[in-house]
Amino acid sequence: MTARSVSSVVLPEYDAVLAMTAETTQMQAVLDAAWDHLLPGLDAGGSCTADEELAGRLSCAAVRIPGDDASGTDTTRLVRDGGDAAPKVDAVSIEIADDGWVAVFHAGERRWELPVGKGTWAAGEWKGDPGVPFRSAGGWVSGRFRAELRMIRTPHVIQLVADRGAGTAQLRWREQPLHGCGPGQHSIQPG
C-alpha cells in the first residue's frame, strides 16, 4: 500500500482521529506501527508523567538534515542532466549565502532562487510555478552538492544533486508524485 498524501484513520471507539502526511511506499508498516504503539496508549489512559515524557521526546523529534563535509563551495551554471522533477528547469547553480546556500534555477530566460540551509531547514518559495512553499537543507558530500527540497503542504521531496566536476545537476522526486512532475502541480493553497 502506498501513500503520497494526507491520510486519516477514524477511530470512533477511541474518540480519536489519526491524521498524517505521508510519502511512503510502505503505508502498511506505518499503519502497523500505529496499531502496535498508539492504540495501546489510547486504551491505557494517561498520566502527567507519561505526558511529560512524550513532550520531551517530541521536542527532540526532527526530520534528518542532510550532511555537509565541506568538500565544495559554489558552482557556475550547471546543465540539467536528468531527473524526473521540475522538467522546466534546464540549469542549476549553487551560490554561497550567509546561512547556507542558494539554489538558482534556470528555465530558459527565467531565473528564481530557493534558499538551502546548512545544518537547518531554510524557508523559501518555488517561483518557477505558482508559489509553492518549501523547506530546504543540504550540503557538499564527496564533492557533490546534495539537498532535499521539501514541499511543506504536501509530502513530496525533490532531491537536488549538483556535480561541479561533471558540470551537471539532477532534480529527482524522492517518490514519484501521482499528478505531474512540476512542483506547481502539487501546490495546495491555504484557504
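A few points on the structure. (Residues numbered from 1 in each chain as written. Predicted model: local features only at pLDDT ≥ 70, side-chain atom pairs only at ≥ 80, totals over all residues. Heavy atoms only, no water.)

1. Quick notes on the packing of aromatic side chains
Applied cut-off: Side-chain rings of Phe, Tyr and Trp, where Trp is taken by its six-membered ring, are said to pair if the distance between their centres is within 6.5 Å; with planes under 30 degrees apart they count as stacked, over 60 as edge-to-face, and otherwise as tilted. Relative accessibility thresholds used throughout: buried, under 20% of the residue-type maximum; exposed, over 50%; partly exposed, between the two (1.4 Å probe, protein chains only).
Summed over the entire model, instances satisfying the criterion amount to 6 aromatic pairs. Their ring planes at 40 degrees and their centres at 5.8 Å tell us that W126 and F134 sit as a pair that is tilted. No difference in accessibility class separates W126 from F134, as the two residues are buried. Ring pairs connect the aromatic residues F105, W112, W126 and F134, which therefore count as one cluster.

2. Quick notes on the nonpolar core
Which entries qualify depends on this criterion: In plain words, nonpolar cores are sets of buried Ala, Val, Leu, Ile, Met, Phe, Trp, Tyr and Cys residues tied together by side-chain atoms within 4.5 Å. Secondary structure is summarised from DSSP: a helix means a run of H or I of at least four residues, a strand means a run of E of at least two, and numbering begins at the N terminus for each.
Ranked by internal contacts, the top residues of the largest apolar core, which has 27 residues, are F105, W126, F145, L149, L160 and L171. Of all the secondary structure elements, the ones that give two or more residues to this core are β4 (91-97), β5 (100-107), β6 (110-117), β8 (132-141), β9 (144-151), β10 (157-163) and β11 (168-173). In terms of nonpolar packing, the next biggest core, distinct from the first, is built from 9 residues, V9, L18, M20 and L39 among them.

3. Focus: the environment of V161
Note the following rule: We call two residues contacting when some pair of their heavy atoms lies within 4.5 Å.
Here V161 lies in strand β10. Residues V161 and V141, 20 residues apart in the sequence, show an inter-C-alpha distance of 9.9 Å. Those residues in contact with V161, other than ones at most four positions away along the chain, are R144, F145, R146, T168, A169 and Q170.

4. Remarks on the pattern of salt bridges
Here the idea is simple: oppositely charged side chains can pair when their charged atoms come close. For clarity, the threshold we go by: By definition here, a salt bridge exists when the distance from a side-chain nitrogen of Lys or Arg to a carboxyl oxygen of Asp or Glu is within 4 Å.
According to the stated counting rule, one finds 7 salt bridges in the structure shown. Among the ionic pairs, R77 bridges to D90, the shortest N-O distance being 3.6 Å. Of this pair, R77 sits in the loop between α2 (48-60) and β3 (78-80) while D90 sits in the loop between β3 and β4, and the two are 13 residues apart along the sequence. R77 sits in the partly exposed class, given a relative accessible area of 47%.

5. A closer look at unusual backbone geometry
Despite not being glycine, A70 has its phi angle at roughly 60 degrees, a positive value. Relative to the helices and strands, A70 resides in the loop between α2 and β3. Judged by its relative accessible area of 57%, A70 is exposed. The phi dihedral of S142 is positive, around 50 degrees, even though this residue is not glycine. For S142, the position within the fold is in the loop between β8 and β9.

6. Some details on the pairing of β11
Selection criterion: For two strands to be treated as a pair, DSSP must find at least two bridges joining them.
As defined by bridge partners, β3 adjoins β11 across 2 bridges and the pair is classed as parallel. By the bridge assignment for β11, V79 is matched with T168. In the sheet, β10 pairs with β11 via 6 bridges, with the strands oriented antiparallel. Paired with Q159 across the bridge in β11 is R172. With antiparallel pairing between neighbouring strands as the criterion, β10 and β11 make up a hairpin whose turn holds 4 residues, including G167 at a positive phi of roughly 75 degrees.

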